[in-house]
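What follows is the residue order along each chain.
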Amino acid sequence: MKILFDNKFYNSDYANNGASVPGRMESIMDVIGKERDFEIVRPRPADEGELLLAHSPHHVDSVKPNRRLYDMAILAAGSAIMAADIAYNGEPAFACIRPPGHHASRDSAWDYCVFCNMGIALLTLKQQKKITSAFVLDFDAHTGDGTKDVLADWKDCYILNPYADSSDEYLKEIQNVVKKIPAVDIVGVCAGFDSYEKDVGRKLATSDFYMIGDLMKRFSKRAANGRRFAILEGGYFLPDLGKNVLAFCHGFM
Ligand SMILES: [Zn+2]
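Numbering of residues begins from 1 in every chain and follows the order in which that chain's sequence is written. For this predicted model, a pLDDT threshold of at least 70 governs which residues receive local features, and a threshold of 80 or more governs which side-chain atom pairs are given and counted, while totals over whole chains, interfaces and linings are taken from all residues. With hydrogens and water set aside, each side-chain value is computed from the structure's full complement of heavy atoms.

Caption draft 1: A look at the packing of helix α1 (residues 24-32) against helix α9 (residues 238-252). Here α1 crosses α9 at 45°, and the two axes come no closer than 8 Å. With respect to α9, the axis of α1 lies oblique. Viewed along their axes, α1 and α9 form a crossing whose handedness is right-handed. Within the contact between the two elements, α1 uses R24, S27, I28, V31 and I32 and α9 uses L238, L241, G242, K243, V245 and L246. Lines fitted to C-alpha atoms define the axes, with helix axes restricted to the stretch in contact, and inter-axis angles between N-to-C directions lie between 0 and 180 degrees. The way it works is that DSSP assigns letters per residue, a run of H or I at least four long becomes a helix, a run of E at least two long becomes a strand, and they are numbered from the N terminus. Note that the term roughly parallel is reserved for angles under 35 degrees, roughly antiparallel for angles over 145, roughly perpendicular for angles of 65 to 115, and oblique for everything else. Working rule for handedness: look at the near helix, and if it is turned counterclockwise from the far one by less than a right angle, call the crossing left-handed; if clockwise, right-handed. Contacts were defined at the residue level, with two residues in contact if any of their heavy atoms lie within 4.5 Å.

Structural data, given as structure tokens:
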């Protein structure tokens, strides 16, 4: 499995929020960077044409004056595009990125998000005529309103933000939805680890992240020729963030 990561993501001075805190990316890469099963791939930034597949010129232009934020956000979006492309070519991939993107809509963004990384990645493959359908699971504690907005006009793109309260019900909800989907061209996962039992979501255990990864692996093998990729969204309980990402990746690969 390939991990999209650039050392620039360690820089925490691009913003001042929960996603940009110092040590957050280290808490992940210190754990998954040691794994021999993962190959680290250096991403490229997204270009403006790719951003404009998902966003209005107004939104893109509104970020540009903040150069540090813009440069980090286009590198995150480019990583998501590369992860999707690697998945399209048959190997699972995880983009370990910030800023996150699932609260970024076509014309605005809020919370810690800037550009809709998942939407940009999928719309790039769609524009290249590689895919015509997709499934997105967002297991962040917060609903991916931006992803839903950006992909709203695409009728063959299914998006699931599970809402069940207990971890058992949460996993069942995912199973029940995917079993009704016969086939899609690719599976994308908005991986938000703030749904962890010690994070703001207060719901999922480390083993649940493994189960979700495994569920998406099996679903993609049945319905999408195994094409699957994931991108980092939230996750703020730093002591366990690395092991939770690792658990998900082990299930997913
Ligand atoms: Zn969140």
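From this point, the narrative continues.
Caption draft 2: Seen up close, the pairing of strand β4 (residues 134-138). Remark: exposure states derive from per-residue accessible area (1.4 Å probe, protein chains only) relative to the maximum for the residue type, with buried under 20%, exposed over 50%, and partly exposed in between. Burial of β4 is extensive: 5 of the 5 residues sit out of reach of the surface. Judged by which residues are buried, β4 turns out to be covered on both faces: A134, V136 and D138 on one side and F135 and L137 on the other are all buried. Should DSSP find at least two bridges between two strands, the strands are taken to pair. As paired strands, β4 and strand β5 (residues 157-160) are joined by 4 bridges and run parallel to one another. Bridging across to β5, F135 finds its partner in Y158. What joins β4 to β5 is helix α6 (residues 145-150), and the crossover it makes is right-handed. A crossover counts as right-handed when, viewed with the strands pointing away from the observer, the path leading from the first strand over the helix to the second turns clockwise.

Caption draft 3: How the structure looks around the coordination of the zinc ion. Within the first shell, the zinc ion binds the protein through D140 (OD), H142 (ND1) and D194 (OD), at distances of 2.0 to 2.1 Å. In primary sequence terms, the donor set of the zinc ion follows D-x1-H-x51-D. One end of the pair, D140, is in the loop between β4 and α6; the other, D194, is in the loop between β6 (187-191) and α8 (206-223), with 54 residues separating them in the sequence. Of the two residues, D140 and D194, neither departs from the other in class, the shared state being buried. Only nitrogen, oxygen and sulfur atoms count as donors, using a 2.8 Å cut-off from the metal that widens to 3.2 Å for Na, K and Ca. Water is left out, so coordination shells may look unfilled.

Caption draft 4: Quick peek at the nonpolar core. By nonpolar core we mean a set of buried residues, namely Ala, Val, Leu, Ile, Met, Phe, Trp, Tyr and Cys, connected to one another through side-chain atoms within 4.5 Å. Membership of the largest hydrophobic core comes to 93 residues, with the highest contact counts inside it found for F94, L122 and F248. In terms of residue count, the dominant contributor to this core is helix α4 (residues 67-88) (15 residues). If sequence neighbours within four positions are ignored, L122 has contacts with I131, A134, V136, L151, W154, C157, I186 and F229.

Caption draft 5: A look at the sheet that holds β4. Within the open sheet, the 7 strands sit side by side as β2-β1-β3-β7-β6-β4-β5. Their pairing is parallel. Only two strands of the sheet have a single partner each, and these edge strands are β2 (39-41) and β5. For this sheet, the mean angle separating the axes of adjacent strands, direction not counted, is 20°. Bridge count for β6 against strand β7 (residues 228-232) is 5 bridges, and the pairing is parallel. Each residue of the ladder has a partner; that of V189, found in β7, is A230.

Without other data, these values stay purely geometric and don't point to any function.
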